[in-house]
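# Working through the structure, step by step
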Amino acid sequence: MRVPTSFYPQTAPASVEVNNLVNPAAHIPVFSQRDQASARDFFSSNVNVTPPPASDHFVHSQRVTRSVPKTKVVDPYTQAFIDFIYENPTTYHAAQYFAEELTKAGFTYISERVSWKNKLTRGGKYFTTRNGSSLVAFVIGAHYTGGNGAGMIACHIDALTAKVKPISKKPVVEGYTQLGAAPYAGAMSMTWWDRDLGLGGRVVVKDENSGIIQTKLIHLPYPVARIPTLAPHFGAAANGPFNPETNTTPIIALEPNDPAENELRPDEVGAPLAGRHNIRLLRVIAKELGVPVKSLLNFDLELFDTQKGTVGGLEQDFLFCPRIDDKICAFAAVNGLLNSCDEYAVTGNSINVVALFDDEEIGSLLRQGARGGLLEGSLTRVVDALGNGATMQQTFANSFLVSADVIHAVNPNFMNEYMQYHMPRLNVGVTVSCDPNGHMTTDAESLAFLEEIARRTNNTLQYFQIRNDSRSGGTVGPMLSSSMGCRSIDMGIPQLAMHSIRACTGSRDVGLGVRLFQGFYEEWDEVDYYVRSGEKM
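Structure report, in brief. (Residues numbered from 1 in each chain as written. Predicted model: local features only at pLDDT ≥ 70, side-chain atom pairs only at ≥ 80, totals over all residues. Heavy atoms only, no water.)

## A few points about the packing of helix α2 (residues 76-87) against helix α5 (residues 324-347)
Rules: Angular values range over 0 to 180 degrees, each being the angle between N-to-C directions of two axes fitted as lines to C-alpha atoms, with helices fitted over their stretch in contact. Only DSSP runs of H or I reaching four residues or more are called helices, and only runs of E reaching two or more are called strands; each is numbered from the N terminus. Here is the rule for angles: anything less than 35 degrees is roughly parallel, anything more than 145 is roughly antiparallel, 65 through 115 is roughly perpendicular, and the remaining ranges are oblique. With the far helix as reference, a near helix turned anticlockwise by less than a right angle produces a left-handed crossing, and one turned clockwise produces a right-handed crossing. Two residues form a contact once any of their heavy atoms are found within 4.5 Å. As a working rule, the residues Ala, Val, Leu, Ile, Met, Phe, Trp, Tyr, Cys and Pro are called nonpolar, Asp, Glu, Lys and Arg charged, and the rest polar, with Gly in that last group.
Interhelical geometry of α2 versus α5 gives an angle of 125° and a closest axis separation of 11 Å. What the angle tells us is that α2 and α5 run oblique. In this structure, α2 meets α5 at a crossing whose hand is right-handed. Only I324, K327, I328, F331, N335 and N339 of α5 make contact with α2, whose side of the interface consists of Y77, A80, F81, F84 and I85. Of the residues assigned to the contact of α2 with α5, the class counts are eight nonpolar, two polar and one charged.

What follows is the structure, given as C-alpha cells:
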C-alpha cells in the first residue's frame, strides 16, 4: 500500500538532541501540521499501520542493546574447536595443527624414513605423519610387554572440498576470471553456491639459491572465490539440473583494465606453473609465501567455506560450523589422548593410539588413507623395537579399535527417515553406529565392551541404525579391523546436515566426545582384563 506523497517529511533541523546527545549531522524527519493531518487521514483508513506521533519532531525509539544470552556457559572445548576449524581449513593444516599440539604435550616426532629400533622407549610418547595429511600418535605404557595390545581410536581429517585442477586456467568469460576446480567427494553441491570461498593447502617450492625443495602451507586470509547461482527470474534454467563442469566454475576476479597484468613479467619468465594457472593467482600465492613466482613448483589447493563457526540457538544449544565431518571426532580423540597420556605413560601396560587419516571420503585407497597401512605399520615397528619377539597376530588379538566418525542426528523435519528408537539427539552423548551388513564393525562383544567403559566414566551412549529401506554409509572401521583382525566398534558424534558445506551439532558435543574418548584410553586396559578373564573360564 502506497503512502500519500504529502506524508513524506520536510528537511530536518541542523541539530537534534537524541538520547541526551547532540548530533549535528543528523537528518531527523520533521512533519508539518499539513503532513500530520494527511498522515492521520491515511492511517485512520489503514488500521494495521501505526501513525507517527503528533509532535513537531519524529521521536526515536529506544535502541535495544543486543547481547549473547548467558543462560548457558559454552564448553571450552567448543570454542577451541571453532578456532581450530577456522584457523586450519584444509587437511594439511589440520594435520599440522595436531602435530604441533602433540609436540607441545611432549610427544616426539619420528619420521617413517628412519629406523625406530633405537628411538622408542617404554613410557615414551611419539607420533609420525605421512603425506602431510595423515598422522598416528601413540603412548607406550611403562609396563608394556610384548604381546600386549593397543587401544586405538581412528578418525579421518579430510572433508568435502573443491580441489584446484592441475591446469586451472580458464578462458575469460565476459570479463570474469574463473578457476578450474573439481569436486572432492560430492562437494560443489547447491550448499556450496553463493558462499564466500577461501583458498588454501600446500605448495611445493624450490629455493633458487640452495636448490632445496620443501612444502609450505598457505591459507589466504580472505575469501577468494564464489560459485554464483542463477537468479530465479530466469525460470527453468535456474532450477537445474546443473552441469558440474560448466555451471559450477568459481569466479575469482574481474579481468584487469590493463591487459599487461596478465602477461609474464621479466622475473616470471620460465616459471614452472606459468601457463597452467592464472598468473595473477600465482602472484598472490607467491606473495603470501614470500617467494618468487619462479619458486612455485606445484600445489594441492582447496576451496573452503570461510565463515567462522559459532554457537547458536536461543540458549546456545547448537554449534554451526563447516567441516564438522570428521574433524570433530579427530579433535575429540586427540584431546582425549592428550588428557590421559602422562598418567598412562607411567602406569600403562599396553599402547594407546590415535590415528587420523586422509581420503576417507573417497574410499581410503591412497597411501595416506586408512588402507595405506600407516596404523598397522606403526604398531609393527613398536613391537619390533620393544616386543621381545612377540607376533603382530598376538598384539592385534589383544587390541581394541574405536572407529570414530560422525553419525546422523535426528532431523525433526524428516522423522519418517529414521527408525524408531534409533534417533540420536544433540548434546546427549556419542552415538554407536550399527549395521547388519558389515558397513559398521559394531557387534555384541564390542558394544558390551564400550558400554562398560561408558558406565565406568559416566558417559551416555546413543544408538543409530539405518532403516531397512535406506542405504548405509561406511567409514574406516571395517577396513582397519579386517586388516588387523582386532575387535572394533563404530561410533561418532551426531550431527545434522552431513556433507553440507556448513553443518550443525550440539554445543556440548565436542566436550562429550573428549570425555568418552579420554575414558576409553584410561579404562580399556582394565575392561579387557575382565574380558580375558571371562574367556578363560
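## A short note on the layout of surface pockets
This is how the line gets drawn: A cavity here means a set of points on a 1 Å grid, drawn over the protein atoms and nothing else, where a 1.4 Å probe fits but cannot get out; a pocket is an open set with protein on both sides within 12 Å along at least five of seven lines, and a residue lines either one if it has an atom within 4 Å of a point. Grid points are joined across faces, edges and corners, and a volume is the space filled by probe spheres set on the points.
Of the voids in this model, the largest pocket is the one considered here, and its volume is about 710 Å³. Forming the boundary of the largest pocket are 32 residues, of which H408, I466, R471, G473 and M498 lie nearest the centre. Within the residue set of the lining of the largest pocket, elements represented by two or more residues are β17 (407-408), β18 (431-434) and β20 (487-492).

## Considering the packing of aromatic side chains
For the record, the criterion: Planes of paired rings set the category: under 30 degrees apart is stacked, over 60 is edge-to-face and the rest tilted, where pairs are Phe, Tyr or Trp rings (Trp by its six-membered ring) whose centres lie within 6.5 Å. Consider the ring centre and the ring normal. A charge sits over the ring if Lys NZ or Arg CZ is within 6 Å of that centre and within 35 degrees of that normal.
Under the counting rule described, the total for this entry stands at 16 aromatic pairs. Ring pairing ties together the aromatic residues F81, F84, Y97, F98 and F331, which thus form one cluster. Above the plane of the ring of Y184 lies K163, whose end atom (NZ or CZ) is 4.6 Å from the centre.

## A closer look at the side chain of N459
For clarity, the threshold we go by: The buried label goes to any residue with under 20% of its type's maximum accessible area, the exposed label to any with over 50%, and the partly exposed label to all in between, with areas taken from a 1.4 Å probe on protein chains only. In protein, a polar contact requires one atom able to donate a hydrogen and another able to accept it; more generally it is a pair of N or O atoms within 3.5 Å, and residues adjacent in sequence count only if both atoms are side-chain atoms.
Tracing the chain through its elements places N459 in the loop between α8 (444-456) and β19 (462-465). Judged by its relative accessible area of 12%, N459 is buried. Within the structure, the side chain of N459 is placed 3.2 Å from the side chain of R515, a separation counted as a polar contact. Every residue in contact with N459, bar those within four places of it in the chain, is listed here: A454, L512, R515 and L516.

## A short note on empty space enclosed by the protein
Inspection of every chain in the model, using the stated rule, returns five cavities of 30 Å³ or more. Considered as a void within the structure, the largest cavity measures approximately 150 Å³ in volume. For the largest cavity, the lining is made up of 14 residues, of which A159, L160, R323, S500 and I501 are closest to its centre. Of all the secondary-structure elements, those providing two or more residues to the lining of the largest cavity are β12 (296-305) and α5. Per-class residue counts for the lining of the largest cavity are seven nonpolar, three polar and four charged.

## A short note on the sheet that holds strand β10 (residues 213-219)
Quick reminder of the rule: When DSSP locates at least two bridges between a pair of strands, those strands are taken to pair.
Here six strands make up an open sheet; going across it, the order is β10-β9-β12-β7-β8-β11 and the pairing antiparallel. The open sheet is flanked by β10 and β11 (251-254), the only strands paired with a single partner. Averaged over all pairs of adjacent strands, the angle between their axes in this sheet comes to 25°, without regard to strand direction. Strand direction decides the pairing type here: strand β8 (residues 176-184) and β11, joined by three bridges, are antiparallel.

## Focus on unusual backbone geometry
Note the cis peptide between G240 and P241, where omega equals 5°. With respect to the element layout, P241 can be found in the loop between β10 and β11. That bond from D325 to D326 is cis: its omega, 0°, falls within 30 degrees of zero. As for its placement among the helices and strands, D326 is situated in helix α5.

## A closer look at the sheet that holds strand β22 (residues 503-506)
Strand order across the open sheet formed by three strands is β13-β14-β22, with antiparallel pairing between neighbours. Pairing within the sheet leaves two strands with one partner each, and these edge strands are β13 (310-312) and β22. Going across the sheet, the axis of each strand differs from the next one's by a mean of 35°, ignoring polarity. When β13 meets strand β14 (residues 318-321), the two strands line up antiparallel, connected through three bridges. When the bridges of β14 are listed, V311 appears paired with L319. The strands that α2 touches are β13 and β14; relative to β14, the one it contacts most, it runs at about 5°. Packing of α5 onto the sheet brings it into contact with β14 and β22, and relative to β22 it is tilted by some 30°.

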